[in-house]
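Observations on the three-dimensional arrangement
Here are the chains, one letter per residue:
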Amino acid sequence: MFKETDPFYLGTKWKHIRGSVLRRDGYRCIECGRFGKLTQATLVHHAIPREDFPELQYEPWNLVSLCNACHEKMHQRQTDDLSAVGIELAHRVLAKAGKSIGYLRELEQRRT
């Protein structure tokens, strides 16, 4: 099944921030790096989903570089909700940025 590209990901602003995040992370998957593996990052992931919190879509602290395999682990593809692994990454990103986990609590409330 082919999923059409969201126009957001074709925009100049996104392309700029995406490049900045990849450079910041050394073009390496931050998840693989946790386990000592050096894997090229090909995607930039919104730790807190932009569909739920569009005000965070360009926040560098909310964006992480991932390889395709790790990115697939972040989502439940049937619903596109965050998986348990994705939620755990979101917790780490929020903690590193000194942000409240209230985003995750609100996300859980929205989805129940």
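This text goes with the structure placed above it.
Here is what the cut-offs are and how they apply
Residues numbered from 1 in each chain as written. Predicted model: local features only at pLDDT ≥ 70, side-chain atom pairs only at ≥ 80, totals over all residues. Heavy atoms only, no water. Helix = DSSP H or I, 4+ residues; strand = E, 2+ residues; numbered from the N terminus. Rg over C-alpha atoms; globule rule 2.2 N^0.38 Å. Buried < 20%, exposed > 50% of the residue type's maximum accessible area, 1.4 Å probe, protein only. Contact = heavy atoms within 4.5 Å. Lys, Arg positive; Asp, Glu negative; His and termini not counted. Charge placed at Lys NZ, Arg CZ, Asp CG, Glu CD. Expected span 1.5 Å × (residues − 1). Arc of directions from axis to C-beta. 1 Å grid on protein atoms, 1.4 Å probe; cavity = no way out; pocket = protein on both sides within 12 Å on 5 of 7 lines; lining within 4 Å. Points joined across faces, edges and corners; volume = space filled by probe spheres on them. Phe/Tyr/Trp six-rings, centres within 6.5 Å; stacked < 30°, edge-to-face > 60°.

If you tally the helices and strands in the chain, you get 5 helices and 4 strands. Along the chain, from the amino end to the carboxyl end, the secondary structure elements read α-α-β-β-α-β-β-α-α. By the compact-globule yardstick of 13 Å for 112 residues, the chain fits well, its C-alpha radius of gyration being 14 Å. With the C-alpha coordinates of the chain rotated into their principal frame, the extents come out at 35 × 30 × 25 Å. In the chain, which comprises 112 residues, the share counted as buried stands at 38%. For the chain, the share of sequence-separated contacts (at least 6 apart) that also reach a separation of at least 24 residues comes to 61%. For the chain, the separation between the mean place of its 18 positive charges and that of its 14 negative charges on side chains is 7 Å.

When the terminal C-alpha atoms of helix H4 (residues 84-97) are compared, their 20 Å separation across 14 residues agrees well with the 20 Å that a helix rising 1.5 Å per residue should span. Of the positions making up H4, those classed as buried are Gly-86, Leu-89, Ala-90, Val-93 and Leu-94. Within H4, the buried residues cover an arc of 135° as seen down the axis, which keeps them to one side. Those residues of H4 that are exposed and aimed more than 90 degrees away from the buried face are Ala-84, Ala-95 and Lys-96. The positive-phi residue at the C-terminal boundary of H4 is Gly-98, with phi of around 70°.

Approximately 230 Å³ is the volume attributed to the second largest pocket. Around the second largest pocket, the lining is made up of 13 residues, and of these Arg-24, Ile-30, Val-64, Val-93 and Lys-96 lie nearest the centre. Going through the elements one at a time, helix H2 (30-34), strand S2 (63-66) and H4 are the ones with two or more residues in the lining of the second largest pocket.

Turning our attention to helix H1 (residues 12-24). Between the first and last C-alpha of H1 there are 18 Å, a value that for 13 residues agrees with the 18 Å anticipated at 1.5 Å per step. Burial in H1 covers these residues: Trp-14, Ile-17, Gly-19, Val-21 and Leu-22. Looking at the buried positions of H1, the neighbouring elements they touch are strand S1 (43-46) and S2. Positive phi appears at Gly-26, one or two residues downstream of H1, with a value of about 65°.

This part is about the packing of aromatic side chains. In this structure the tally under the stated criterion is 4 aromatic pairs. Measuring from ring centre to ring centre gives 5.4 Å for Phe-8 and Tyr-58, while their planes differ by 40°; the resulting arrangement is tilted. Residue Phe-8 is found in the segment before H1, and its partner Tyr-58 is found in the loop between S1 and S2; the two are separated by 50 residues along the sequence. Look at Tyr-9 and Trp-14: their rings are 5.4 Å apart centre to centre, the planes differ by 85°, and that puts the pair in the edge-to-face class. Owing to a relative accessible area of 29%, Tyr-9 belongs among the partly exposed residues under this scheme. The class of Trp-14 is buried, set by a relative accessible area of 3%.

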